[in-house]
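The residues making up each chain are set out below.
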Amino acid sequence: MAINRIEATLKQYGALIDRQLQELLPHREDYLSEPIWYHMDSGGKRVRPALCLITCSALGGDPKAAIPFAVAVEILHNMFLIHDDIEDGDTMRRDKPTVWCKYGTANALNVGDYLLGRAYRSILSSSLPAEKRLRLLDIFTLTYEKTVEGQALDINWRGDRGFTMEKYLKIVELKTAYYLTCGMVGGAVIAGAPEVVIEKFWELGHSIGPAFQIKDDLIDLAQGKGRGGQIGSDIKEGKPSFLYAYTLSRASKEDRDRLIEVMLKPREETPDSEVEEVIAIYKRYGAIDYAQKYADELVEKAFKTIEGLPVGDKALFRDLAQFMAQRKT
């Protein structure tokens, strides 16, 4: 199965990333190392750095040369997770207390700030030619800026009465498309790909990024995204999800008003019974089935972009795209 193949590939490349992380973020008895490794040891598929190494290799480059940039992408990902948990009020990450809950908000913010510095250090310390390092720094910084812009919309459109599909896609374009594609683009640069190919990978991100995020929205209603078994964390946050946007556009006034009422409530005032009520409203209007259908259509769009990539194993990239919309966690 495609998913099994991709999970095996991610595990293979993830081992390379983990070894480099140990060198860049050494275990020490101090106020930074302990919370960093408390978080880093909690798991994670290393999807983003693996995409970097896979792309570099597929384009004829040396994946070992791409490891410093791939590691920077993984560190950035974890920095965002630590800060997002504070901004979202999430108390569980990968089925254990979040860094801010265990070590306090001040320490969690400081750890995230330090991780960003180490990410830049990883890129700067690579043995690549100076012009490639500068290009990678530009790609990395652009991704950082766009992701933060997307997070600003995510935070301020929570429980938004006028939330639309267009607004949702704007968030995921900024917050997920760049973020998920950054590693692939960097891998292409390291492999020496021409500009037209690099642009193809940015284009690919505009399909697989939203597909990944829509699937994330769906996973929150079933597996709970590692929140200690909690279902519907996004609902308690009032998160502007695909499901929320789609349902608002189709619901009766009564259901729409009730949906907005629940989504506007503070997390601590939203009981599980109201989460179940919102899920029932989503199901009533076919939002869950439509979300999966939309994600699958984005994968089909990605397939067309992949056909134009100068890689021998196009099936691997098709499997990667399908993984974004079909993964279980």
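Structure shown above.
Scope of this entry: the structure provided in the associated data block. (Residues numbered from 1 in each chain as written. Predicted model: local features only at pLDDT ≥ 70, side-chain atom pairs only at ≥ 80, totals over all residues. Heavy atoms only, no water.)

## Side note on the packing of helix H9 (residues 195-222) against helix H15 (residues 314-326)
Relative to each other, H9 and H15 sit at 30°, their axes nearing to 7 Å. One element, H9, and the other, H15, form an angle in the roughly parallel class. Residues Phe-201, Ile-208, Ala-211, Phe-212 and Lys-215 of H9 touch H15, and the partners they reach there are Phe-317, Ala-321, Met-324, Ala-325 and Gln-326. Within the contact of H9 with H15, the residues separate by chemical class into eight nonpolar, one polar and one charged. (Axes fitted to C-alpha atoms, helices over the stretch in contact; angles between N-to-C directions. Helix = DSSP H or I, 4+ residues; strand = E, 2+ residues; numbered from the N terminus. Parallel < 35°, antiparallel > 145°, perpendicular 65-115°, else oblique. Contact = heavy atoms within 4.5 Å. Nonpolar A, V, L, I, M, F, W, Y, C, P; charged D, E, K, R; others polar.)

## Quick word on the packing of aromatic side chains
For any pair of aromatic rings, the description rests on two quantities: the centre-to-centre distance and the angle between the ring planes. For the coordinates displayed, the defined rule picks out 14 aromatic pairs. For the ring pair Tyr-290 and Tyr-294, a centre distance of 6.1 Å and an interplane angle of 55° mean the geometry is tilted. Of this pair, Tyr-290 and Tyr-294 both sit in helix H14 (residues 287-307), separated by four residues, roughly a single helical turn. Judged by relative accessible area, Tyr-290 falls into the partly exposed class, the value being 26%. Connected via pairs of aromatic rings, a cluster forms that spans Tyr-168, Phe-242, Tyr-246, Tyr-290 and Tyr-294. Over the face of the ring belonging to Tyr-103 we find Lys-102, whose NZ or CZ atom lies 5.7 Å from the ring centre. (Phe/Tyr/Trp six-rings, centres within 6.5 Å; stacked < 30°, edge-to-face > 60°. Buried < 20%, exposed > 50% of the residue type's maximum accessible area, 1.4 Å probe, protein only. Lys NZ or Arg CZ within 6 Å of the ring centre and 35° of its normal.)

## Digging into unusual backbone geometry
Positive phi is not limited to glycine here, since Arg-94 has a value of about 55°. If you trace the backbone, Arg-94 turns up in the loop between strand S1 (92-93) and strand S2 (96-97). Non-glycine residue Asp-95 carries a positive phi angle of around 65°. Positionally, Asp-95 belongs in the loop between S1 and S2.

## Some words on the layout of surface pockets
There is about 1000 Å³ of room inside the largest pocket. Residue lining of the largest pocket: 48 residues in total, with Arg-48, His-77, Leu-81, Arg-93 and Asp-216 positioned closest to the centre. Looking at which element gives the most residues to the lining of the largest pocket, the answer is helix H4 (residues 63-88), with nine residues. The residue makeup of the lining of the largest pocket, split by class, is 14 nonpolar, 13 polar and 21 charged. Size it by volume and the second largest pocket reaches roughly 170 Å³. Along the walls of the second largest pocket sit 13 residues, with Lys-236, Glu-237, Lys-265, Pro-266 and Arg-267 positioned nearest its centre. Contributions of two or more residues to the lining of the second largest pocket are made by helix H10 (233-237) and helix H12 (253-264). When the residues that make up the lining of the second largest pocket are grouped by side-chain class, the tally is three nonpolar, three polar and seven charged. (1 Å grid on protein atoms, 1.4 Å probe; cavity = no way out; pocket = protein on both sides within 12 Å on 5 of 7 lines; lining within 4 Å. Points joined across faces, edges and corners; volume = space filled by probe spheres on them.)

## What to know about the nonpolar core
Phe-69, Phe-201, Ile-235, Tyr-282 and Met-324 are the most contacted members of the largest nonpolar core, which has 105 residues in total. Counting residues per element, this core draws most heavily on helix H8 (residues 165-190), at 13 residues. Beyond its immediate chain neighbours, meaning those up to four positions away, Ile-235 contacts Asp-220, Leu-221, Val-262, Met-263, Val-275, Val-278, Ile-279 and Tyr-282. (Core = buried A, V, L, I, M, F, W, Y, C linked by side-chain atoms within 4.5 Å.)

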